[in-house]
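Notes for the structure review
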Amino acid sequence: MQELAVRLGEPASRAETQTALLQFLRSRKLEAEVVEGLCIFWMAARGRGYSPVAELASSIPKPSLLSDLYLDDLGLSPQAGGAGLKEAPEDFEIPDDFDRVQGVDLPRMFRTALSRLEDSTGLSFVRQMAYEWAENRAAYPDAPYQGDPWHFTRSLGDGFSGQLSARAALRAISAYLRTLAVAKQFWGMPADLAGERALLALPVHPTLALLRPRRPDWFPGRTDFDGDAVSVEAALRALLDRVKTVQPDGELIAFSSPVVMSMGQCVEVSLVRWSQAVGSQVEDADLGAHLKAFWRRGQALPSAGLEPLRTTTILAPPPLERLAEVKSKAWPMAGTLDFDRLGYLQLDLYPSRLFLPTLPGVDQMEVTPRDGQLEVKAEGQVIADFGYWNAGWGPARPRQLSGNCGSALISRGTVYRESVGSEGEMLRAFYLWQVRTLHRSGSFDEFSETLAMGTFFV
């Protein structure tokens with residue numbers, strides 16, 4: 001989608017790409033397919049200077065609340081929708097395959113969201129979604145589930161997870177969007193609420209859509225993390241020095257990436273900077289083990305977009321008392337973006353790769369795409385940059401790895417760590433690290449996992 005958006009923005013390839021994409025849109029059979037196609041035009045308009053043609057609005061065979069939102073944001077008038085919508089008949093019975101695909105071919109979040117609406121209103125949202133699911137089976141009568149995902153991963157061996165879009169997912173998301181349209185048209189659901197719930201079906205987060213993969217010059221070497229905790233710490237300190245050489249005024253706040261990806265071994269390195277006040281009840285040597293739950297739960301940062309498709313995301317940093325771990329008197333300097341305006345196609349970046357400053361004591365932050373990266377502002381000042389890069393080798397990854405990409409959050413200066421602590425108060429800084437090593441002896445065996453973790457002060 002990003003590459004097609006680039007082609008739409010380049011004069012030499014614009015006409016050919018536009019013709020092909022309009023033809024693609026007109027041939028779509030599901031609402032979610034239309035939205036994914038429209039998202040390409042939107043990305044080109046927001047990031048590549050593309051001006052959409054009026055023909056785009058008339059090339060929508062399956063309109064939805066979300067396609068209307070994209071067209072409106074592009075300055076085009078959506079065509080009249082609502083044709084063909086109807087409530088599930090009284091004798092409709094939910095098919096078995098509707099429940100069977102939940103949590104397998106797609107996340108359960110769409111069904112869960114409608115279930116909550118059903119609980120609060122008493123209206124049959126889930127049953128309506130199941131009806132729409134049964135109805136859109138006719139869009140692809142010969143292949144309602146489409147193919148075998150293991151075709152792409154079987155040769156890699158056991159224990160791999162594919163980053164693949166399933167037709168069952170597109171059908172279910174389309175059923176979700178149609179259910180919201182039915183609720184708006186027949187059940188009196190407020191337009192604002194229906195539009196807000198439709199954002200759950202965004203294929204790409206508006207702020208993340210313009211990210212471009214770019215591996216940094218300071219990326220660590222392949223063999224730096226083979227060894228004991230002492231050698232890992234030495235490699236991590238060398239990594240910090242390389243970052244400082246490339247960006248003298250910057251500090252590495254957070255980093256996570258596979259650094260070795262081979263058929264026999266994979267090594268993933270993660271690193272987050274922490275601050276610590278006086279009065280810790282945990283010995284320095286035990287901090288790594290004491291804080292290991294951070295790698296499972298992280299620290300989600302609440303976010304919101306002031307407008308549904310605005311590329312700037314507003315973050316509300318948590319207060320220090322909610323951020324700090326009680327016994328160690330320590331808190332992470334980076335958390336991860338929450339699931340608002342999620343973007344279901346961006347699985348590699350969720351949830352543990354999207355690092356942003358925690359910044360306790362500040363009212364809000366702004367995150368904006370800039371030159372293929374994200375720029376983080378607080379109180380009108382740029383305080384950090386986030387970037388990511390590809391680090392895998394195909395459309396699948398070992399299940400134990402958090403993603404097929406790497407990411408880093410680097411500060412601009414030290415403002416990001418000056419929001420807490422009165423003058424004269426002693427704060428210490430340390431890095432919490434984790435190295436995940438996967439091994440296997442046979443090319444078709446599942447990987448076994450070894451975890452090492454620790455801390456070092458700076």
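Check the entry above for the structure.
The structure displayed is predicted, hence computed values, not measured ones.

**Brief notes about helix H4 (residues 65-73)**
Residues that lie three or four places apart on an α-helix share one face, since the helix turns once every 3.6 residues. All of the buried residues along H4 are Leu65, Leu66, Ser67, Tyr70 and Leu71. Buried positions along H4 lie against helix H3 (31-47), helix H9 (167-186) and helix H10 (191-198). Looking one or two places after H4, you find Gly75, whose phi comes out positive at around 80°.

**Examining the packing of helix H6 (residues 109-121) against helix H7 (residues 125-135)**
The interhelical angle for the contact between H6 and H7, taken along N-to-C directions, is 140°, at an axis separation of 7 Å. Relative to H7, the element H6 is oriented oblique. Contacts between H6 and H7 involve Phe110, Arg111, Leu114, Ser115, Leu117, Glu118 and Thr121 from the first element and Phe125, Val126, Arg127 and Met129 from the second. Residues belonging to the contact of H6 with H7 are distributed by class as follows: six nonpolar, two polar and three charged.

**Remarks on the sheet that holds strand S8 (residues 334-337)**
With mixed pairing, three strands are arranged side by side in an open sheet as S4-S8-S9. A single partner strand is all that each edge strand has here, and the edge strands are strand S4 (300-301) and strand S9 (355-357). As defined by bridge partners, S8 adjoins S9 across three bridges and the pair is classed as antiparallel. Across the sheet, residue Ala334 finds its bridge partner in S9, namely Pro357.

**Section: the side chain of Gln128**
Relative to the assigned elements, Gln128 resides in helix H7. Given the relative accessible area of 2%, Gln128 is considered buried. With near-sequence residues (within four places) excluded, Gln128 lies in contact with Lys86, Glu87, Ala88, Thr179, Val182 and Trp187.

**Quick word on the nonpolar core**
Grouped together as the largest cluster of nonpolar side chains are 69 residues, with contacts concentrated most on Phe41, Leu56, Leu66, Tyr70 and Tyr176. Considering each element in turn, this core owes the most residues, twelve residues, to H9. Every residue in contact with Tyr176, bar those within four places of it in the chain, is listed here: Phe110, Ala113, Leu114, Met129, Arg197, Ala198, Leu200 and Ala201. Listed in part, the 43 residues of the second largest apolar core include Ile253, Trp274, Leu301 and Leu342.

Cut-offs and rules
- Residues numbered from 1 in each chain as written.
- Predicted model: local features only at pLDDT ≥ 70, side-chain atom pairs only at ≥ 80, totals over all residues.
- Heavy atoms only, no water.
- Buried < 20%, exposed > 50% of the residue type's maximum accessible area, 1.4 Å probe, protein only.
- Helix = DSSP H or I, 4+ residues; strand = E, 2+ residues; numbered from the N terminus.
- Contact = heavy atoms within 4.5 Å.
- Axes fitted to C-alpha atoms, helices over the stretch in contact; angles between N-to-C directions.
- Parallel < 35°, antiparallel > 145°, perpendicular 65-115°, else oblique.
- Nonpolar A, V, L, I, M, F, W, Y, C, P; charged D, E, K, R; others polar.
- Pairing = 2+ DSSP bridges.
- Core = buried A, V, L, I, M, F, W, Y, C linked by side-chain atoms within 4.5 Å.

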